[in-house]
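Residues per chain, in single letters:
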Amino acid sequence: MLKDLVALTKPRIIRLNAIAAFGGYWVASKWNIDGWTFLWMLLGSALTMASACVFNNFLDRDFDKKMARTRDRALPQGRMQPQSVLIYAIILGIAGLAVLFGLVNALTGWLGLLGIFVYVVIYTMWLKRNSTWSTSVGGISGAMPPVIGYCAVTGEIDAGAWILFALLFLWQPAHFWSLAIRRVEEYRAAGFPLLPVVKGILRTKKQMLPYILLLLPASVLMYTYGYVGIYFLILSLALALIWLVHTLLGFRTKDDDRWAKVNFIISINYLMIVFVVMILDTTHI
């Protein structure tokens, strides 16, 4: 039971986004940390992310039965009842928003609410079932954690918040499409009109390129606006170029599955390394 409750929140997604929220807070604070605000921000953002993921499990339960990657989840297997999972999602969402609105600031609360709304209503309930734009638009919710972290300090949306948003927003489509290419037949069977299902793998590879390419100026802006130092600039550019080159090599490969697996691993490591370096190389006050 406990294991299923944790799994419903998609803890790997929460861990990655917690690092991003951590990075956003650190950049805005410039090493001048308010411990309690920092902890409440992490807790509130984690709870809102968990709520959105549980709602996603609830709404996708029938589709999850059709995919090998998801059919062992608690709802498709009948280990939990849909009504209980729905209540669980609502409780997590209320708790997370209460923490953000009440113990951080109103702006972070509204950003958390926006993240839940986009992920649950716009992405899961609408676009994921009807449009190839689901991945791109759904990236808005995935880009909220670093912005929440940043705005927990500043209380306003300025250039730094937009650049952090851009980094996460641009990262997500190419990251997810790597997985979607590997699972294209499962998504086709489940009835999800993802880009590789509708437009094909070649078109998906082409679509990845502008997102990865735009990570380069986003990293440069983090440096030129004075949020981070030269180490972040060098490493983030190097990692984005590695990812870009590997994506370009995908046009020559005959083994799309192997290529997509490596591309997915590169994307995960890109995000983790970039935000860890961002934290370590944040400009001091």
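Note that the coordinates shown come from a computational prediction; the quantities given were computed from them, not determined experimentally.

Draft legend 1. View of the overall build of the chain. Scanning the chain from N- to C-terminus turns up 14 helices and 0 strands. Along the chain direction, N to C, the helices and strands of the chain fall in the order α-α-α-α-α-α-α-α-α-α-α-α-α-α. Over its C-alpha atoms, taken along the principal directions, the chain stretches across nearly 55 × 50 × 30 Å. Out of the 285 residues in the chain, the part that is buried amounts to 54%. Residue pairs in contact within the chain that sit at least 24 positions apart in sequence constitute 74% of those at least 6 positions apart.

Draft legend 2. Representation of the packing of aromatic side chains. Summed over the entire model, instances satisfying the criterion amount to 17 aromatic pairs. Judged by centre distance (6.2 Å) and plane angle (75°), the rings of Tyr 150 and Tyr 227 are edge-to-face. With Tyr 150 in helix H8 (residues 144–154) and Tyr 227 in the loop between helix H12 (201–224) and helix H13 (230–249), the pair connects residues that are 77 residues apart, well separated along the chain. A single burial state applies to Tyr 150 and to Tyr 227, both of which are buried. Note on Trp 162 and Phe 165: the rings are 6.0 Å apart at their centroids and 80° apart in plane angle, and the pair reads as edge-to-face. Here Trp 162 and its partner Phe 165 are both found in helix H9 (residues 159–182), 3 residues apart, which amounts to about one turn of the helix. Classification of Phe 165 as buried rests on a relative accessible area of 17%. Cluster of aromatic residues (ring-pair linked, three or more members): Phe 22, Tyr 25, Trp 26, Trp 31 and Phe 38. Over the ring of Phe 192 we find Lys 128, and its NZ or CZ is 4.8 Å from the ring centre. The side chain of Lys 205 reaches across the aromatic face of Trp 259, ending 4.9 Å from its centre.

Draft legend 3. Looking closely at the confidence of the model for the chain. Looking at the chain as a whole, its pLDDT mean stands at 95, while 100% of the residues score no less than 70. Of all helices and strands in the chain, the one with the weakest mean pLDDT is helix H4 (residues 61–64) (88), whereas H13 scores best (98).

Draft legend 4. A look at the packing of helix H2 (residues 11–29) against helix H14 (residues 256–280). Running from amino to carboxyl end, H2 crosses H14 at an angle of 25°, the nearest separation of the two axes being 9 Å. By the angle between their directions, the pair H2 and H14 is classed as roughly parallel. Regarding H2 and H14, the two cross each other, and that crossing is left-handed. Contact residues: H2 offers Leu 16, Ile 19, Ala 20, Phe 22, Gly 23, Trp 26 and Val 27, while H14 offers Ile 268, Leu 271, Met 272, Phe 275, Met 278 and Ile 279. Residues belonging to the contact of H2 with H14 are distributed by class as follows: 12 nonpolar, 1 polar and no charged.

Draft legend 5. Expanded view of the side chain of Ser 219. Note on placement: Ser 219 falls in helix H12. Overall, Ser 219 belongs to the buried group, its relative accessible area being 0%. Of note is the side chain of Ser 219, whose polar atom sits 3.3 Å from the side chain of Ser 236. Contact partners of Ser 219, with chain neighbours within four places excluded, come to Leu 167, Phe 232, Leu 233, Ser 236, Leu 237 and Tyr 270.

Draft legend 6. Quick look at the pattern of salt bridges. Summed over all chains, the structure comprises 9 salt bridges. Note that Arg 73 is salt-bridged to Asp 64, the shortest N-O span being 3.2 Å. On the basis of relative accessible area, Asp 64 is assigned to the buried category, the value being 4%. One continuous salt-bridge network, built from bridges that share partners, spans Asp 60, Lys 128 and Arg 129.

Draft legend 7. Representation of the nonpolar core within the structure. By size, the foremost hydrophobic cluster in this structure holds 66 residues, and its most contacted members are Tyr 187, Met 222, Tyr 270 and Met 278. Of the residues forming this core, the biggest block, 14 residues, is contributed by H9. The next biggest cluster of nonpolar side chains, apart from the first, holds 21 residues, and it includes Ile 14, Ala 74, Met 80 and Tyr 123.

Draft legend 8. Spatial organisation of unusual backbone geometry. A positive phi angle is found at Lys 10, which is not glycine, with a value near 55°. Its place among the elements puts Lys 10 in the loop between helix H1 (2–8) and H2. On the basis of relative accessible area, Lys 10 is assigned to the buried category, the value being 15%. Non-glycine residue Trp 31 carries a positive phi angle of around 75°. Mapped onto the secondary structure, Trp 31 falls in the loop between H2 and helix H3 (35–59).

Procedures and definitions
Residues numbered from 1 in each chain as written. Predicted model: local features only at pLDDT ≥ 70, side-chain atom pairs only at ≥ 80, totals over all residues. Heavy atoms only, no water. Helix = DSSP H or I, 4+ residues; strand = E, 2+ residues; numbered from the N terminus. Buried < 20%, exposed > 50% of the residue type's maximum accessible area, 1.4 Å probe, protein only. Contact = heavy atoms within 4.5 Å. Phe/Tyr/Trp six-rings, centres within 6.5 Å; stacked < 30°, edge-to-face > 60°. Lys NZ or Arg CZ within 6 Å of the ring centre and 35° of its normal. pLDDT = per-residue confidence, 0-100. Axes fitted to C-alpha atoms, helices over the stretch in contact; angles between N-to-C directions. Parallel < 35°, antiparallel > 145°, perpendicular 65-115°, else oblique. Left-handed = near helix turned anticlockwise from the far one by under 90°. Nonpolar A, V, L, I, M, F, W, Y, C, P; charged D, E, K, R; others polar. Polar contact = N/O pair within 3.5 Å; in protein donor to acceptor, adjacent residues only side chain to side chain. Salt bridge = Lys/Arg side-chain N within 4 Å of Asp/Glu carboxyl O. Core = buried A, V, L, I, M, F, W, Y, C linked by side-chain atoms within 4.5 Å.

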